[in-house]
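A closer look at the structure
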Amino acid sequence: MSRTAEIERTTRETSIKMKLNIDGGGEAKLDYPIGFMAHMLTAFACHGLFDIEVWARGDLEVDQHHLVEDTGIVMGQCFARALGERRGIHRVGSCLFPMDETLARAAVDISGRPFLVFDAPELNSGQTGVVCDFWQGFVSAAGITLHLDILRGRSCHHKTEALFKAAARSLREACRIDYGAPGLIPSSKGVIV
């Protein structure tokens with residue numbers, strides 16, 4: 001079963017093409033005009049073992065918000081399409097990720113119910129100010145519940161990177177095929193919506 005997706009999304013503000021292979025090897029091929037976010041997407045691919053290809057352009061003369069948020073939306077759409085009915089997956093995953101002085105926590109439920117808890121208020125300004133927007137776009141489009149917390153740290157760069165890595169590892173665990181329940185939808189309802 002191939003768990004891949006390709007999405008192209010164009011608005012008046014952004015144009016994004018993305019390919020995702022959930023069962024990849026962690027390779028990121030990016031043509032992305034925001035260096036910091038390219039670094040985060042590379043870390044996400046590496047730690048989730050997801051192969052991603054991204055080409056993106058946006059109205060950076062306004063600011064980074066539209067492009068970063070729309071990238072999250074497109075990535076969420078890719079995950080939703082690649083996972084299909086969610087048959088045979090673990091569904092949930094979590095990770096505590098230490099990065100030097102920083103400790104980040106992520107927990108995910110591929111539930112069909114989009115909800116984001118983002119407890120990292122120190123990342124709401126400057127270069128990292130759009131991180132919450134990225135994840136909000138992602139969970140809304142993917143239909144997942146995601147909790148992201150910074151437990152401690154000093155560097156906003158480290159905090160952001162640790163969150164992306166923790167989220168990737170949580171998603172990797174949640175997307176993993178559960179060989180003890182092959183083909184089953186992991187819900188007492190019999191459907192994930």
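Further up the page is the structure itself.
Below, the structure is looked at part by part. Please read all numbers here as calculations on a predicted model, not as lab measurements.

Cut-offs used in this document
Counting restarts for each chain, with residues numbered from 1 along the sequence as it is written. Per-residue local features are limited, in this predicted model, to residues with pLDDT of at least 70; the limit for side-chain atom pairs, both in listing and counting, is 80 or more; totals at the level of whole chains, interfaces and linings are taken over all residues. Note: side-chain values were computed over all heavy atoms of the structure, leaving out hydrogens and water. At least two bridges found by DSSP between two strands is the condition for calling them paired. Helical segments are the DSSP runs of H or I of at least four residues, strand segments are the runs of E of at least two, and each set is numbered from the N terminus. For helices, the fitted axis covers only the stretch in contact; all axes are lines through C-alpha atoms, and the angles between them, taken along N-to-C directions, range from 0 to 180 degrees. Between two residues, a contact is recorded if the distance between any of their heavy atoms is within 4.5 Å. Put simply, buried Ala, Val, Leu, Ile, Met, Phe, Trp, Tyr and Cys residues joined by side-chain atoms within 4.5 Å make one nonpolar core. Only protein chains enter the calculation, and the probe is 1.4 Å; a residue is then buried if its accessible area is under 20% of its type maximum, exposed if over 50%, and partly exposed in between. In what follows, salt bridge is the name for a side-chain nitrogen of Lys or Arg lying within 4 Å of a carboxyl oxygen of Asp or Glu.

**As for the sheet that holds strand β3 (residues 28–31)**
Taken together, four strands build an open sheet; the order of strands is β1-β2-β4-β3 and the sheet is mixed. Strand pairing shows two members of the sheet lacking a second neighbour, β1 (4–10) and β3, which therefore form its edges. In this sheet, adjacent strand axes meet at a mean angle of 5° when their direction is disregarded. Inspection of the sheet shows β1 paired to strand β2 (residues 14–21) by seven bridges, in the antiparallel sense. Its bridge partner being in β2, threonine 4 is matched across the sheet by asparagine 21. Along the sheet face, helix α1 (residues 35–48) touches β3 and β4 (51–58) and points at about 165° away from the line of β3. Helix-sheet contacts for helix α2 (residues 65–83) involve β1, β2 and β4, and the interaxial angle to β2 is about 35°.

**So, the nonpolar core**
Within the largest apolar cluster, 59 residues are counted, with the highest numbers of intra-cluster contacts made by Tyr32 and Trp135. When residues of this core are assigned to their parent elements, the largest contribution, nine residues, is made by helix α4 (residues 156–175). Non-local contacts of tryptophan 135, meaning those with residues more than four positions away in its chain, are made with Phe44, Leu116, Phe118, Leu146, Leu148, Phe164 and Ala167.

**Concerning the sheet that holds strand β6 (residues 102–109)**
Spatially, β5-β6-β8-β7 is the arrangement adopted by the four strands of the open sheet, whose pairing is mixed. The open sheet has two edge strands, β5 (92–99) and β7 (115–119), and neither has a second partner. The sheet shows a mean angle of 10° between the axes of neighbouring strands, taken without regard to direction. Pairing of β7 with strand β8 (residues 145–152), which is carried by five bridges, proceeds in the parallel orientation.

**Some points on the pattern of salt bridges**
The final tally for this structure, using the stated rule, is nine salt bridges. Of the charged contacts, one joins arginine 105 and aspartate 149 as a salt bridge, the two residues approaching to 3.3 Å between their closest N and O atoms. Of the two residues, arginine 105 is situated in strand β6 and aspartate 149 in strand β8; the sequence distance between them amounts to 44 residues. By relative accessible area, which is 37% here, arginine 105 ends up partly exposed. Its relative accessible area of 11% is what places aspartate 149 among the buried residues. In this structure, lysine 165 engages glutamate 161 in a salt bridge whose closest nitrogen and oxygen atoms are separated by 2.9 Å. Separated by four residues within a single helix, lysine 165 and glutamate 161 lie in helix α4, roughly one turn from each other. Glutamate 161 carries the same exposure label as lysine 165, and that label is buried.

**Looking at unusual backbone geometry**
Even without being glycine, leucine 49 reaches a positive phi, approximately 60°. On the secondary structure map, leucine 49 appears in the loop between α1 and β4. In this model, aspartate 100 sits at a positive phi of 55°, which is unusual for a non-glycine residue. Counting through the fold element by element, aspartate 100 comes out in the loop between β5 and β6. Looking at aspartate 100, the relative accessible area reads 66%, which means it is exposed.

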